[in-house]
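Listed here are the chains, written in short residue letters.
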Amino acid sequence: MSKFFDDFVHLKVYLVGRCTKCKHYNELMVHDYGRLPYSKLEDEMDRTNHPIRPISCNKCGTEYKPQQLVYRDVVRDSEVAKVNIDYSNIIDDEKSAAMQEGHDDRFKIYQKREQEFWAAYTEFALEDWKSAVGELMRQEIEAGFAALGKKTTLKSDLHARREVLQKIAASDRRSFWIAANQEFIVGELLDLGVMGWVPIEFAKRYGAARTRFGVMYFPIAEALEDLRTKYIGLLFKRERGDNAFLLRRIGQLTDAAHKQTVKYNKALRQTDEQKHVIAEMQDKLGVANARITELSRQQPAQSRDSDDIRRIRELKSFVGELLAELRAI
Ligand SMILES: [Zn+2]
């Protein structure tokens, strides 16, 4: 997939975020992949889950929910990725296990429905051959020609596409299409697995029509269908044409879901912050009450001096204010 396939990478993963109590920024390293060639790292990442767990603040000791996952490359001293943690989307262990299982089983699932998928996919291409060929890149077209045992010299994507339209007989189109699409279907959709799909990038590299077909119909595990729905929403956001209304609606739903998610994550954090404020007030309240009790116990009521009486009155009004504040939260 990448031209840096044999380069070494040393990736470390951190949970990061600001403390909900004192706002201090903390990081916790949760995984060290060690120094690996890029090709090996992809396999390792495939097998590794980073559980999201609370981190504790170095400054005040509070445990709180991290806001982001950060991936850093130690070799290049650079941040590779920063991912917001979506707490509305944190799935229970059972669902997460089913998704991982679906991911691990992807080759088996594909094999079972491989023929049916390719039949539909070639049908889709043959319906509008010219547009389908218009999305192929030069190296894909080379693979197609090679599979048919034809030698060609292709100068550019455009030249290669013209050659296909001129030189591939109607009876050869099926075999040509299958060979030319191995990189996209097998090298990307199958090898990466749904959890690793990047639909927007796919659409840029392989063209919008092929990407839509692949994302909508590629055989996947039931447990991963929610992800597919999310990707469809992403791809069809700016669609025009016959299905425009329906597809725009899916896009809107995805938008709405995204807005809800942002709201949810924000609310969750505010709740945590309020919990700290309440806990702090309860501490103060406890101290004030203890002080009142102590002062009252020290001397019998008749002989209290005016200082003590004033202090008790002040403390009592402080308690009253705290209680009013607590009620206001
Ligand atoms: Zn803190």
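Residues numbered from 1 in each chain as written. Predicted model: local features only at pLDDT ≥ 70, side-chain atom pairs only at ≥ 80, totals over all residues. Heavy atoms only, no water.

A. Main features of the pattern of salt bridges. Applying the stated criterion to the full structure yields twelve salt bridges. Arg-76 serves as the salt-bridge partner of Asp-73, at 2.5 Å between the closest nitrogen and oxygen. Judged by relative accessible area, Arg-76 falls into the partly exposed class, the value being 43%. The salt bridge involving Glu-183 is made with Arg-205; its shortest N-O contact spans 2.9 Å. Of the two residues, Glu-183 sits in helix H8 (residues 182-192) while Arg-205 sits in helix H9 (residues 199-206), which places them 22 residues apart along the sequence. Taking the relative accessible area as the measure of exposure, Glu-183 reaches 29% and is therefore partly exposed. Counted as one network, the salt bridges with shared partners bring together Glu-135, Glu-140 and Arg-210. (Salt bridge = Lys/Arg side-chain N within 4 Å of Asp/Glu carboxyl O. Buried < 20%, exposed > 50% of the residue type's maximum accessible area, 1.4 Å probe, protein only. Helix = DSSP H or I, 4+ residues; strand = E, 2+ residues; numbered from the N terminus.)

B. Representation of the packing of H8 against H9 within the structure. Here H8 crosses H9 at 170 degrees, and the two axes come no closer than 12 Å. Judged by the inter-axis angle, H8 sits roughly antiparallel to H9. Here Glu-183, Phe-184, Glu-188, Leu-189 and Leu-192 of H8 come into contact with H9, specifically with Phe-202, Arg-205 and Tyr-206. In terms of residue class, the contact of H8 with H9 is made up of five nonpolar, no polar and three charged. (Axes fitted to C-alpha atoms, helices over the stretch in contact; angles between N-to-C directions. Parallel < 35°, antiparallel > 145°, perpendicular 65-115°, else oblique. Contact = heavy atoms within 4.5 Å. Nonpolar A, V, L, I, M, F, W, Y, C, P; charged D, E, K, R; others polar.)

C. Examining the nonpolar core more closely. Among the nonpolar cores identified, the biggest contains 41 residues, and Tyr-121, Ile-141, Val-164, Phe-176, Ile-185, Trp-197 and Phe-218 are the most heavily contacted of them. Among the elements that line this core, the one with the most residues is helix H3 (residues 106-127), at six residues. Non-local contacts of Phe-218, meaning those with residues more than four positions away in its chain, are made with Tyr-110, Phe-117, Ile-185, Leu-189, Leu-190, Trp-197, Phe-213 and Arg-228. Residues Leu-11, Leu-36, Ile-55 and Tyr-71 belong to the second largest nonpolar core, which totals 15 residues. (Core = buried A, V, L, I, M, F, W, Y, C linked by side-chain atoms within 4.5 Å.)

D. Summary view of the environment of Cys-57. Relative to the elements of secondary structure, Cys-57 occurs in the loop between strand E3 (55-56) and strand E4 (63-64). Apart from residues lying up to four places away in sequence, Cys-57 is in contact with Cys-19, Cys-22, His-24, Asn-26, Thr-62 and Tyr-64.

E. The arrangement of the side chain of Arg-161 in detail. Considering the arrangement of structural elements, one finds Arg-161 in helix H6 (residues 157-167). No salt bridge is formed by the buried Arg-161, whose closest oppositely charged neighbour, Asp-157, lies at an N-O distance of 4.1 Å. Within the structure, Arg-161 has its side chain in polar contact with the backbone oxygen of Leu-136 (distance 2.8 Å). Contact partners of Arg-161, with chain neighbours within four places excluded, come to Val-133, Gly-134, Glu-135, Leu-136 and Ile-141. (Lys, Arg positive; Asp, Glu negative; His and termini not counted. Polar contact = N/O pair within 3.5 Å; in protein donor to acceptor, adjacent residues only side chain to side chain.)

F. Layout of the sheet that holds strand E2 (residues 25-37). The strand order across the open sheet formed by four strands is E2-E1-E5-E6, and the pairing between neighbours is antiparallel. The outermost strands of the open sheet, each flanked by one partner alone, are E2 and strand E6 (78-84). Neighbour-to-neighbour, the strand axes of the sheet open up by a mean angle of 20 degrees, direction not taken into account. With ten bridges joining them, strand E1 (residues 8-18) and E2 adopt antiparallel strand pairing. (Pairing = 2+ DSSP bridges.)

G. Quick peek at the coordination of the zinc ion. The zinc ion binds to the protein through Cys-19 (SG), Cys-22 (SG), Cys-57 (SG) and Cys-60 (SG), with metal-donor distances spanning 2.3 to 2.4 Å. In this structure, the zinc ion is surrounded by four donor atoms whose angles at the metal cover 104 to 113 degrees, and the resulting shape is tetrahedral. Note on Cys-60: relative accessible area 34%, which makes it partly exposed. (Donors = N, O, S within 2.8 Å, 3.2 Å for Na, K, Ca; no water. Tetrahedral: all angles 85-135°; square planar, octahedral: opposite > 155°, others 65-115°.)

Everything listed here is a matter of coordinates, which is why it stays silent on function.
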